[in-house]
Every structure is written in structure tokens, then in C-alpha cells.
Amino acid sequence: MHSPAIIPQHNIRLVVVLVGLPARGKTYISRKIARYLAWLGYVTRIFNVGNYRRDAFGASVPHEFFNPTNEEFSKRRFEVALMALDDVLRWFGVDEPHSESDSRERVSQAMASLSLDTKNHGKPQPAFLKNKPVVFRGIGIATSTSDLRANATSPGEGAHGGVAVYDATNSTKERRKIILDKLTSHGIQVMFVESICEDEDVVLNNIREVKISSPDYVGVDPELAAQDFMQRIKHYEKSYEPISVDENGGDMPMVKLVNVGSQVIVNKIQGYLQSRIVYFLMNLNITPRHIYFSRHGESMYNVEGKLGGDSDLSPRGRLFAKKLPDLIVEQIKKNNDQKLTVWTSTLRRTIQTAEFLPYPQIQWKHLDELDSGVCDGYTYEEISQMFPNDFQQRDSDKYNYRYIGGESYRDLVQRLEPVIMELERHHEPGHSLLIIGHQAVLRCIYAYYMNYSHEELPYLKIPLHSVVKITPKAYHCVEERYKLDVPAVNTHRDKGSPSVSPTGPSMPLQDLAIARPSSSLPQLSSIAPSSTTPNPNSPGVNNVIPKPGGNNGPGQSPLRHAVNSPRVGASAVNGRRRSITSPQYMGTHLTAASSQETSVVDSVEQFHEEHYEEASKEADIDGTTDVAQPASPSPRSRASMDQNRKEYFQT
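Below: a short report on this structure. It should be emphasised that the depicted structure is a prediction, and the values quoted were computed from it without experimental measurement.

**Observations regarding helix H11 (residues 315–334)**
Stage number 1. Under the 1.5 Å per step criterion, the end-to-end length of H11 is 30 Å for 20 residues, consistent within 8% with the ideal 28 Å.
Stage number 2. The sharpest bend along H11 measures roughly 30° and falls at Lys-323, with the proline Pro-325 sitting one to four residues further on.

The following block contains the structure:
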């Protein structure tokens, strides 16, 4: 056996090997691990031996196929397991053509001489019995649209680092030793995750879940499915050997989960990635629960088409806030839940949306909307006209693009990891959660549960005035959507929108600064000095980057000139205080100001008069503010709103 190769920390190849009897949640755990790591950005792939077995011998095999005393069947199952392990190596860029072809040839020969009666769901039948319906699907042959080899493996995808999850019972020490030796001989790290359940109620619940959801029992009577599955478990119990800390000389990295995490035993876990997986598993549970997502009600910034800010709800948004409790109360009664807790961000529009909900509420700073940095307070159309290059860069890779002074979707996912951990940890029966959040934030959380890729995540549709209900299951998540009858603007932007192509020279985002209304603030030139200065009279620039106070001398920084734009001013008028998050500006607070706030307010008032008169009456807006205010000032807001803007929001 070759000595394990030394793999750099950033280039780790890891296989998580599941161990456990059927109905112990192995597939649930494997999918949770893979989904979590993929959501964080790790290259991840599941290799489910059950899928290989179904592809080789069909889905409806009788329980006798899993009898360890039947040497022929045991041999076939072992060969299928080796085929899956060969594909793990191929996925990591390790080619073992001889072992792979040998195992596939043996399975092919077995399929030619063995057939199973899928209708009778009982005993092996000779191949010459043609009067019985028999289903065979060959591995590696595209005989169906769900062909495993064509869709589930990508040779070499994990060659530069990744995590493979090997999902099987792996019920004997001998089998685990073979897996460990074969993988470590190629420098691949291995950690075993065993799920042991001594709670009969949990096992029975898992069996009920399996007989409904498992691909092994599609179209089979539920009672017959349950009986057959119980027999399958008894067969595995005959030969099952739990992992012990001294197995393989005590050097085998392993995690043992007892009764779904009520007890966790850890041995020889190595490195950051394995430790992160252990922490995730310690928070995992299978308690049935419902999670509700809803964006805040329509805000004034939504009406104006602007990004970011900390605006109040529009009249229609307030109406949504008043109607939301009826739907939630109805759902709680329907599901026989005893409790519900509401999570909001620290921004006004989510707190105001939760005002009328008669449930405990928690504000999470982590749930604040994606920070659009210097683009805060602008519309997409304005951004596309002012900064076409940056706008196109974001469209080409929206997940990774980071706003100057702000965040990317990748940053947001990292910020939301504690929220995901808390969602997974939540295990009180009959206790549901409602998250009232923002479009980008809910896209990230929704993508985690529904397993969307990073490319799809930034374009997921999470409309205003709708509620999404997620119910996690063993093999998937059930989604239900409810639309409240309150109109709202559409804030979803497809890739490439707006269609108007901007023309003329423009300033890239990295050359844009936040406005400085006061000379008492630190001079930007002392923070980010530079030897060059852009020409403020250049076409496409002079109306965007004027000289603040006429002080654009050679010592002034060209990278962070003050902006005196109506849109940045509108952001300040609306009460948001921005903190520059670039390294050279850490801790520096600059507040935008504009002398053109009146024109902005007037345009909004006109929109209000034309579109919101009826909604205002229904929401009982009587000239006084009837929406909830934060219990304490938002960290992202100024201490008080501009008086003119405040008076407008009270109308």
C-alpha cells in the first residue's frame, strides 16, 4: 500500500463514509452534509450505493436480496459497492481501469444469470421465466433518462479538492477497512459518520417516511413496503458491527451520532473541514417542522426602484403586514403547531411587517439585506447607465461580484451560516419558524433548502407579498407558496436587464465615493492617497463626480471622490448611515447628503397620490405613523430621520 500523499490545505480531497442500519437517517445525513458544503462553496458529490444497486438490478428487489447468509446476493451487493467506490476515485481524478472494468463485468454477468420478480416482491426467479415482469437497467448504458453514470458523476471534478459522500450501510469492519485502505492509498482523507438509533419511535417514523418517499417502493402498497423494509433491516442486523474507537488501531477518524445527535462521539478528527462537518452534524436533527419565509411588505424604496436603504413600508406594504397574521394563524392551526417564532432583520421594513404578528420576535443582524455599497440608493437603470462595465461584470457572475464597499452573494452566504446552523439546530416539536427577510437573504436560505446552484441562486424568484412554506423530508423538501391579495411592484431583475444600453464614457465603481457633507470628517486623501486625478469635466463624469467644495487638488484621492447625486442624497434622507467596509475605510462613517431631496420627495408624493389612495384607506392610514419602530436604533441607520422625509412617511 502506498503512503498517503500530502495534500495542501486548500486542495483537500475528503470522503465522508456513512455507516448504519437502514432507516437510521444515513441518506438524510449524507444529503444534508453535501447540501451544506455545496452551499458554502465546496465541490461536493454524493455516491449513493443504493442508486447503483437500483441501476443494476432494478428498484423492486425483495428483502431476501439483503440476506447476508446468501453468499450470491452478498457478493453482488459488494461488487456494486466497489463500482461506486471506483467512481469516487474517478471523480477525484484517480483512474483504476482494471478494478472498475472487472467489477462492472462481474455485475454484468450476474445480471445475465439472475433476475428478480418485481411484481411478486418475493423470491429470486430464474431468467427463463418470461411470464414475470422483470426490470433490468445496466450501469454505464444510457437506457433511461435517469442513467446514473451519465448524470451523477463527473470524472476529475474533485481532482483539485472536494468532498465525496459515500452513502451505504458499510456495516462490517472488513468493508470499512477495504474502503479506508483504498482511499488513503491515493492520498484521500476519510472520515466515517455512523448513525445509531435506539429509539424505536424514531425508527418507525423513518420507516413510514421511507415507504412513502423511497425509490425502492414506488407504486408498492404502503403496508407491503413497510413489512418488506422491516425484513430488510433484520437481515442487516445479523451482520452489523458498530464502529468502535479502537477500530483500525484507533486511528480511524469517525463521528458516531446516537439517537440523532443526543450523544456525539468523536475520534481522531483532523483539520478544519472535518471539524466543520462535525459541528454541523452536532446541530442536526430530524424533528418534523415547518419553516416559513416571507419578504417584508412593499417598501418605499421598492416603489422607487432603489437598492438598499432602510426605508419604511409603503401603504400597500402596511396592508400586507395587517393581512399576514391571518395566513400564518391559519397555517399554525392546520399543522397543529403549538408555537411559532418570528425572525426579522434589524431594518425597519421587516420589523414593521412583523408588527401585527402575535408571536415572539427576534431581530437578527445576520438577516440584513445584501449591502450594495456605493450603489445604495440607486436604481438598476441608473447603475447600468453610470457604470456599464461594472453592471456587466455583475451580470456575468452575479454570485461572486462584490459591490464596492458592500457585499457579494458569496459574502452573504458566509454571513448567513450562523442562521442556517440555528435553523438546523431548532428541534422543538410543534415549534415553527417564520423568517421575514429580504430578497437576496431569502434567496440564499431558500437555495440551501431547495439545493440550487450558485449560478441559479441570485436569480431565484422570491416575490413580494408571498409566503413560502418549506417542510424538510428525508429525500427532499416540500415547498408550498401562498400569495396574499395585496398588489406590489415586481423587484425581480432578469439577467441583462434593463435592456437600454448605456452609452458614453463612465466612471467604474471603484472610482466612486460616498458623499462627505462636512469638512470636519477625515480627508479622504489622507486615507487613500493617489498621485493621479480624474478629469471631472470628462463626458459622462462631470454630472456624477463634481468637486465637493471646489477642493479637488492633486492631493485629493481620485478613488474616493465625493458624490453629490440625488440618489445618494435620497439614501441619506431616508435615514441610512453607511460604514465603508473596504480595508482602508474600516471604522469610517460617512453620511450622504443632497440638496435635491425635495424633487425626489415630490416625485414620490405624486406616485403616492396616483397609486396608493385606495390602499391607504384600507390600511387605515390617518396621518399618523401606525407601523412598528425598532426597539433600538438599527446599527445601519442614523439616530434620527431627516424631518422632511419623516413628515412624508407619516402621510
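Still more to cover.
**Focus on the sheet that holds strand S10 (residues 339–344)**
Stage number 1. A sheet is described by the order of its strands in space; here six strands give the open sequence S11-S10-S12-S9-S13-S14, paired in mixed fashion. In the strand order of this sheet, the two ends are held by strand S11 (361–363) and strand S14 (477–483), each with one partner. Strand after strand, the sheet turns through a mean of 20° between neighbouring axes, direction not considered.
Stage number 2. Across seven bridges, the pairing between strand S13 (residues 466–472) and S14 is antiparallel. Each residue of the ladder has a partner; that of Ile-470, found in S14, is Glu-479.
Stage number 3. Against the sheet, helix H15 (residues 409–425) makes contact with strand S9 (291–295), S10 and strand S12 (431–437), and its axis sits at roughly 180° relative to S10, the strand it touches most.

**Looking at the pairing of S13**
Consecutive side chains of a regular strand alternate in pointing toward one face of the sheet and then the other.
Stage number 1. Of all the seven residues making up S13, seven are buried; the element is thus mostly covered by neighbouring parts of the structure.
Stage number 2. Residues Ser-466, Val-468, Ile-470 and Pro-472 of S13 are buried on one face, and the alternating residues Val-467, Lys-469 and Thr-471, pointing to the opposite face, are buried as well.
Stage number 3. Note that S9 and S13 share four bridges and pair antiparallel. Paired with Tyr-292 across the strands is Lys-469, a residue of S13.
Stage number 4. What sits between S13 and S14 in their antiparallel hairpin is a turn of four residues.

**A word on the nonpolar core**
Stage number 1. Counting residues in each nonpolar core, the largest one holds 66 residues, and the members touching the most others are Val-16, Leu-423 and Ile-445.
Stage number 2. In terms of residue count, helix H16 (residues 439–450) provides more of this core than any other element does, nine residues in total.
Stage number 3. In contact with Leu-423, not counting residues within four places along its chain, are Arg-289, Ile-291, Trp-343, Leu-433, Ile-435, Ile-445 and Tyr-449.
Stage number 4. Counting residues in each nonpolar core, the second largest holds 36 residues, with Val-15, Leu-85, Ile-188 and Ile-243 among its members.

**Points about the side chain of Gln-439**
Stage number 1. Structurally, the position occupied by Gln-439 is in helix H16.
Stage number 2. Residues contacting Gln-439, with those up to four places away along its chain left out, are Arg-295, Glu-369, Ile-462, Thr-491 and His-492.

**What to know about the packing of aromatic side chains**
Stage number 1. One pass over the full model with this rule turns up 14 aromatic pairs.
Stage number 2. A ring pair is formed by Phe-65 and Phe-66, whose centres lie 5.5 Å apart and whose planes are at 85°; its orientation type is edge-to-face.
Stage number 3. A relative accessible area of 4% places Phe-66 in the buried class.
Stage number 4. Look at Tyr-446 and Tyr-452: their rings are 5.8 Å apart centre to centre, the planes differ by 25°, and that puts the pair in the stacked class.
Stage number 5. When its relative accessible area of 31% is taken as the criterion, Tyr-452 is described as partly exposed.

**Structural notes on the environment of Arg-232**
Stage number 1. Counting through the fold element by element, Arg-232 comes out in helix H8 (residues 222–239).
Stage number 2. Its relative accessible area of 5% is what places Arg-232 among the buried residues.
Stage number 3. Sequence separation between Arg-232 and Phe-65 is 167 residues, and the spatial gap between their C-alpha atoms is 8.4 Å.
Stage number 4. Apart from residues lying up to four places away in sequence, Arg-232 is in contact with Arg-53, Val-61, His-63, Phe-66, Asp-216 and Tyr-217.
Stage number 5. A polar contact is formed between the side chain of Arg-232 and the side chain of Tyr-217, at a distance of 3.3 Å.

Calculation rules
Residues numbered from 1 in each chain as written. Predicted model: local features only at pLDDT ≥ 70, side-chain atom pairs only at ≥ 80, totals over all residues. Heavy atoms only, no water. Helix = DSSP H or I, 4+ residues; strand = E, 2+ residues; numbered from the N terminus. Expected span 1.5 Å × (residues − 1). Bend = angle between axes of the 7 residues up to and from the residue. Pairing = 2+ DSSP bridges. Axes fitted to C-alpha atoms, helices over the stretch in contact; angles between N-to-C directions. Contact = heavy atoms within 4.5 Å. Buried < 20%, exposed > 50% of the residue type's maximum accessible area, 1.4 Å probe, protein only. Core = buried A, V, L, I, M, F, W, Y, C linked by side-chain atoms within 4.5 Å. Phe/Tyr/Trp six-rings, centres within 6.5 Å; stacked < 30°, edge-to-face > 60°. Polar contact = N/O pair within 3.5 Å; in protein donor to acceptor, adjacent residues only side chain to side chain.

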